[in-house]
Amino acid sequence: MSATLLTSQLQADHRRTKQAIDKHRRAEDELRRVTQECHEAYEQARYIYEQEIQAAKNKMAQAEKKIAQSIWEAMMSKEHAMENATKELHLVRQKIMDNYPFLEELGIKIDMPRLQQLEQEIHLDDAASTR
């Protein structure tokens, strides 16, 4: 082989090697760019996910507060109703006791054991509801 042919082949090999190296660098640059885009997309998705999780937790906490408030209001309403019933029963019993002799004269019979039983039931309900 002549020196000119050998030089020509070496120059051609050099150009192909240089082109391959340039192509490889462009591929590495593209890979870095795509990797960066993927990382940014992942971070954005993670941020959105965390925000949605926090929003869901906040909604759950609000719902729990509303439920607790509703339960409390229902308990207070029941307690208030029981107090009113107890007061009303005591007033009725007191009026009966105040007018018992007059009621007997009129022939009206009062079932005092039943009245006492009702009072005991209400007192038991009051005791059970305050536990």
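Below is a short write-up of the structure. This is a predicted model, so every value here is computed, not measured.

1. Some words on the overall build of the protein
So, step 1. When helices and strands are tallied, the protein shows two helices and zero strands.
So, step 2. Compactness check: the protein gives a C-alpha radius of gyration of 46 Å against a globular reference of 14 Å for 131 residues, more than 25% above the reference.
So, step 3. Overall, the protein is about 150 × 20 × 15 Å in size when its C-alpha atoms are taken along their principal axes.
So, step 4. The proportion of buried residues among the 131 residues of the protein is 8%.
So, step 5. Looking at the protein as shown, the accessible area adds up to about 11,500 Å², and 58% of this sits on carbon and sulfur atoms.
So, step 6. Of the side chains in the protein, 20 bear a positive and 23 a negative charge, and the two mean positions are spaced by 14 Å.

2. Observations concerning the nonpolar core
Across soluble globular proteins, nonpolar side chains show a tendency to be buried alongside one another.
So, step 1. Among the nonpolar cores identified, the biggest contains six residues, and these are L89, I96, L103, M112, L115 and I122.
So, step 2. Of all the secondary structure elements, the ones that give two or more residues to this core are α1 (3–105) and α2 (112–129).
So, step 3. Filtering out sequence-adjacent residues up to four positions away, L103 remains in contact with I96, I108 and I110.

3. A word on a nonpolar patch on the surface
So, step 1. Judged by side-chain polarity, I67, I71, W72, M75 and M76 come together as a nonpolar surface patch covering roughly 500 Å² of accessible area.
So, step 2. The topology assignment puts I67 in helix α1.

4. Some details on the pattern of salt bridges
So, step 1. In total, this model carries six salt bridges according to the counting rule given.
So, step 2. In this structure, the salt-bridge partner of R33 is E37, at a minimum N-O distance of 2.4 Å. Placement of the pair is R33 and E37 together in helix α1, with a separation of four residues, close to one helical turn.
So, step 3. Looking at R33, the relative accessible area reads 39%, which means it is partly exposed.
So, step 4. Through salt bridges with shared partners, a single network forms among E30, R33 and E37.

5. Here's the deal with α1
An α-helical turn contains 3.6 residues, so a residue and the one three or four places further along point in the same direction.
So, step 1. Relative to the 153 Å expected for 103 residues at 1.5 Å per residue, α1 spans 149 Å between its end C-alpha atoms, a close match to the ideal helical length.
So, step 2. In α1, a bend of some 65° at N99 exceeds every other bend along the element, and P101, a proline, comes one to four places later.
So, step 3. The set of residues buried in α1 consists of A12, M82, T86, L89, I96 and L103.
So, step 4. Once α1 finishes, G107 follows within two positions and takes phi at roughly 85°, a positive value.

Calculation rules
- Residues numbered from 1 in each chain as written.
- Predicted model: local features only at pLDDT ≥ 70, side-chain atom pairs only at ≥ 80, totals over all residues.
- Heavy atoms only, no water.
- Helix = DSSP H or I, 4+ residues; strand = E, 2+ residues; numbered from the N terminus.
- Rg over C-alpha atoms; globule rule 2.2 N^0.38 Å.
- Buried < 20%, exposed > 50% of the residue type's maximum accessible area, 1.4 Å probe, protein only.
- Areas by Shrake-Rupley, 256 points an atom, 1.4 Å probe, with all protein chains shown as cover.
- Lys, Arg positive; Asp, Glu negative; His and termini not counted.
- Charge placed at Lys NZ, Arg CZ, Asp CG, Glu CD.
- Core = buried A, V, L, I, M, F, W, Y, C linked by side-chain atoms within 4.5 Å.
- Contact = heavy atoms within 4.5 Å.
- Patch = residues over 30% accessible without salt bridge, like charges linked within 9 Å, V, L, I, M, F, W, Y side chains within 5 Å.
- Salt bridge = Lys/Arg side-chain N within 4 Å of Asp/Glu carboxyl O.
- Expected span 1.5 Å × (residues − 1).
- Bend = angle between axes of the 7 residues up to and from the residue.

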